[in-house]
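Spelled out from the first residue to the last, the chains are:
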Amino acid sequence: MGHSAAACDYRAATEITKDWNGIDKVVLRNPRGASARVSLHGGQVTSWRNEHGEELLFTSSKAIFKPPKAVRGGIPICFPQFGNCGSLEQHGFARNKIWTIDENPPPINPNDSHGKSFIDLLLKPSEEDLKCWPHSFEFRLRVSLAADGSLTLLSRIRNVNGKPFSFSFAYHTYLSVSDVSEVRIEGLETLDYLDNLCQKERFTEQGDAITFESEVDRVYVSTPNAIAVLDHEKKRTYVIRKEGLPDVVVWNPWEKKSKSMVDFGDDEYKQMVCVDGAAIEKPVTLKPGEEWTGRLELSVALSTFCSEHFDLQSSGF
């Protein structure tokens, strides 16, 4: 056998099955009954459930689960481009590709594996990718589920090219909420943001928290490493902690935009909000041989949560 006890533990909590398209998906479980599902289509987390079996990520009832179409929901990975800010397809190609399981990933911080069930995935560019984006890279993704039910995504992108390249990036996280009009986001107040509804014009957030009364599509810049998304109706708070991701995208399509999207229900905007750890305003540049790391941790507090007893500005890892 040769596996250590820790390796046996994480492998026992990791199951690989196939979806209805015959594409591998990985199910991670923890001892308390929480789970996460990761599809090799896009390296995308498609489900994250707490120990009570409640789904914490939103996926549209009209989502199209057929490559190369991106799946509307979960946590799509936007790389090497976010949105339409470059020459590539919307949000880049990583979310549309078939990833592989990385059997021998390079060493990683023990904190990102100890006591967790996890899977390592790998994406390398195809000849087709290199035609539209001529840069060689290795993109390694570890998705891990901790004993407390928190979900971590760790991306490591290495330049194996002979010349520098730049990219933008986001974990496009669709959070499930009871009613978006009852949701508030704390930790982004007083910050500048680029408003995608106003040709990326720069504004400063004036509210003491972000709330939703109409379509929102913003990139908050120079953000703290922890923010909170409060769902009053469910008395649930999502806590988002991040490293290497200076920006935060906040998006809800609201009514009119929802009706224009074929893979999104007309009223589903009420049940979701996207809050993304991202690197967009200042693209990441890697010299040959350099590696970038971007880490996102999602956890849930089941009590009414406010920054009075959680210092969002100073919270780190």
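Predicted model, so just to flag it, every value in this text is computed and none were measured.

Remarks on the overall build of the chain
If you tally the helices and strands in the chain, you get 3 helices and 20 strands. A buried classification covers 55% of the 317 residues belonging to the chain. Long-range contacts, defined as pairs at least 24 residues apart, comprise 66% of the intrachain contacts of the chain with a sequence gap of at least 6. Surface accessibility of the chain: about 14,200 Å² in total, with carbon and sulfur atoms responsible for 48%.

Digging into the UniProt feature "binding site: substrate" (unreviewed entry) in the chain
Mapped onto this numbering, the UniProt entry gives "binding site: substrate" (unreviewed entry) at Arg 72, Gln 90 and Arg 95. Structurally, the position occupied by Arg 95 is in the loop between strand 5 (77–78) and strand 6 (100–101).

As for the sheet that holds strand 4 (residues 44–49)
Taken together, 4 strands build an open sheet; the order of strands is 1-2-3-4 and the sheet is antiparallel. Edge strands, defined here as strands with exactly one partner in the open sheet, are strand 1 (14–18) and strand 4. If you compare each strand with its neighbour and ignore which way they point, the axes differ by 20° on average. The pairing of strand 2 (residues 24–29) with strand 3 (residues 35–39) spans 5 bridges and is antiparallel. Of the residues in strand 3, the one forming a bridge with Arg 29 is Ser 35.

Side note on the sheet that holds strand 12 (residues 183–186)
If you walk across this open sheet you meet the 8 strands as 6-7-8-9-20-17-16-12, and the pairing is antiparallel. The sheet terminates laterally at strand 6 and strand 12, the two strands that pair on one side only. Alignment of strand 16 (residues 226–231) against strand 17 (residues 236–243), held across 6 bridges, turns out to be antiparallel. Counterpart to Ala 226 in the pairing with strand 17 is Arg 241.

Some details on the pattern of salt bridges
All chains considered together, the criterion is met by 15 salt bridges. In this structure, Lys 97 engages Asp 129 in a salt bridge whose closest nitrogen and oxygen atoms are separated by 2.8 Å. Note that Lys 97 is positioned in the loop between strand 5 and strand 6 and Asp 129 in helix 2 (residues 127–132), a separation of 32 residues in sequence. By relative accessible area, which is 18% here, Lys 97 ends up buried. By relative accessible area, Asp 129 is classed as buried at 3%. One salt-bridge network, in which partners are shared between bridges, spans Asp 102, Lys 124, Glu 138 and Arg 140.

Topic: the pairing of strand 2
Note: strand 1 against strand 2, 5 bridges, orientation antiparallel. Each bridged residue has a counterpart across the sheet, and for Thr 14 the counterpart in strand 2 is Leu 28. As consecutive antiparallel partners, strand 1 and strand 2 are separated by 5 residues, and within that stretch Gly 22 has a phi angle of approximately 80°, a positive value. Here strand 2 folds back onto strand 3, and the loop between the two strands holds 5 residues, one of which, Gly 33, carries a positive phi near 105°.

Some details on the environment of Asp 217
Relative to the assigned elements, Asp 217 resides in strand 15 (residues 216–220). The buried category is assigned to Asp 217, whose relative accessible area is 16%. C-alpha separation for the pair Asp 217 and Cys 274, spaced 57 residues apart in sequence, amounts to 9.4 Å.

Description of the confidence of the model for the chain
On average, the chain scores 87 in pLDDT, and the residues at 70 or more come to 85%. Mean pLDDT across the elements of the chain bottoms out in helix 1 (residues 5–12) (44) and peaks in strand 13 (residues 192–195) (98). Counting contacts from residues 1–9, a segment whose pLDDT is below 50, to residues more than four positions away or on other chains yields 2 contacts. With pLDDT under 50 throughout, residues 313–317 is counted as low confidence; its partners more than four residues away or in other chains account for 12 contacts.

Quick word on the environment of Ala 13
Position of Ala 13 among the secondary structure elements: in the loop between helix 1 and strand 1. Separated by 18 residues in the primary sequence, Ala 13 and Pro 31 have C-alpha atoms spaced 8.2 Å apart.

Digging into the side chain of Thr 14
For Thr 14, the position within the fold is in strand 1. With relative accessibility at 17%, the residue Thr 14 sits in the buried group. Those residues in contact with Thr 14 that sit more than four places away from it in its chain are Val 26, Val 27, Leu 28, Ser 117, Phe 118 and Ile 119.

Cut-offs applied
- Residues numbered from 1 in each chain as written.
- Predicted model: local features only at pLDDT ≥ 70, side-chain atom pairs only at ≥ 80, totals over all residues.
- Heavy atoms only, no water.
- Helix = DSSP H or I, 4+ residues; strand = E, 2+ residues; numbered from the N terminus.
- Buried < 20%, exposed > 50% of the residue type's maximum accessible area, 1.4 Å probe, protein only.
- Contact = heavy atoms within 4.5 Å.
- Areas by Shrake-Rupley, 256 points an atom, 1.4 Å probe, with all protein chains shown as cover.
- UniProt positions renumbered as here; feature names shortened; annotations may be inferred.
- Pairing = 2+ DSSP bridges.
- Axes fitted to C-alpha atoms, helices over the stretch in contact; angles between N-to-C directions.
- Salt bridge = Lys/Arg side-chain N within 4 Å of Asp/Glu carboxyl O.
- pLDDT = per-residue confidence, 0-100.

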